[in-house]
Structures are given as structure tokens and as C-alpha cells.
Amino acid sequence: DKRALDQLLSQAAAFCDCTMIVEDYLPVDEEYCIVGLCNKSDVCIPDVIDEMVLGHGIHSGVTCYGKVLNPGLFNDFIQKLKPFLSKLDFQGFFTVDVIKSGGELYFCELNMRIGGSGIAIIGAGVDLAQMYAEMFEEKDHQSYDLACREITFASERPLLNDFMLK
């Protein structure tokens, strides 16, 4: 929320004299995490996470409760994202944080690693290690792009910590 952002920026400004770039504030209707892998220009996105409940305090921004969604629901956005990722010449796993505000999707952040969202993807039945190996062997992995099953998951550690700290 806007108040939390103002507080965070005030704390950062008090901590150090630095330049901060802040774009327009957008109210967040929904948050998503796109999980995928790259082998240089080859990009595969097997699933998207709907981040339904986020943690607080030390787990701020961590998905506590979510749903694995078929990436086909985000096809237009993903088709714009893939060319960008392929130009990075990156090899490995990645996650892209996306928000939905006013019916539009907005790119927030690119993480060049596999995070907790990758565990949810594995739980949905996607063998990320196998996909990665097949990418390096240049085998066809395109069937993975739309091959997930929708599951709902909970991450017990942030949920438990939030409960215990209240």
C-alpha cells in the first residue's frame, strides 16, 4: 500500500544519501510470479504463480499462499517478455515479478535465480531439472510451455512465523 511505500522510502532516505528512482504509484490488484529457464536465446516458461497471500515483516514479499496457473492465461505478456529475455544471453532459471493494476499487467522485477516459486512449480508436476537438461541437449521442450496443472499451495514457514509473531 502507499503508506508502506512512503515509510520504506523514508527509512531508506534516513539510512543513506542516495538516488532513488520511483515511478508512479500503482495500486496492486493482483501479483504474479512467472517462472522459467533460459539457454541463451532459448526461453521456456512452464508456469505462472498467482501470489494470493504475501507474508509480512521478515517475510514481506514472500508468497505464503498461491496458485500455479497455466501460462497460456498470460500469453500476450509472455510473448513480449520472451524476446527481452532471449537478448540477455543468460543460462539458468529466472523469475519475473508482475503486478496487475487496473486490468493491466506491469513488469516489476527480474530475478536471475530460482526462488521459492520454483518449488511450487515442481509440486505442480513440472520437472525443471529435466527441462533444463533437455534445453542443453537442444531437445524439444516446447510441450512444457503449456503443460502445467493448476494447484494451490501454502508455504508453511512464513505463515507460521506471521502467526507466531502476532
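Below: a short report on this structure. This is a predicted model, so every value here is computed, not measured.

**What about the pattern of salt bridges?**
Enumeration over the complete set of coordinates arrives at one salt bridge. In this structure, Lys 40 engages Asp 89 in a salt bridge whose closest nitrogen and oxygen atoms are separated by 3.7 Å. Here Lys 40 is found in strand β1 (residues 30-40), whereas its partner Asp 89 is found in the loop between α2 (75-86) and β4 (90-101), with 49 residues between them in sequence. Residue class for Asp 89 comes out partly exposed when judged on its relative accessible area of 47%.

**Regarding the pairing of β1**
For β1, the tally of buried residues reaches eight of 11 residues, placing the bulk of the element in the interior. Pairing geometry for β1 and β4, over 11 bridges, is antiparallel. Residue pairing in the sheet places Tyr 32 in a bridge with Val 98 of β4. Taken together, the seven bridges between β1 and strand β2 (residues 42-54) define a ladder with antiparallel strand orientation. Considered in β2, the bridge of Val 35 is made with Asp 47.

**Notes on the side chain of Asn 39**
The topology assignment puts Asn 39 in strand β1. A distance of 3.2 Å separates a polar atom in the side chain of Asn 39 from the backbone oxygen of Met 135. The contacts of Asn 39, once residues within four sequence positions are left out, are Phe 90, Gln 91, Met 135 and Phe 136.

About the thresholds
Residues numbered from 1 in each chain as written. Predicted model: local features only at pLDDT ≥ 70, side-chain atom pairs only at ≥ 80, totals over all residues. Heavy atoms only, no water. Salt bridge = Lys/Arg side-chain N within 4 Å of Asp/Glu carboxyl O. Helix = DSSP H or I, 4+ residues; strand = E, 2+ residues; numbered from the N terminus. Buried < 20%, exposed > 50% of the residue type's maximum accessible area, 1.4 Å probe, protein only. Pairing = 2+ DSSP bridges. Polar contact = N/O pair within 3.5 Å; in protein donor to acceptor, adjacent residues only side chain to side chain. Contact = heavy atoms within 4.5 Å.

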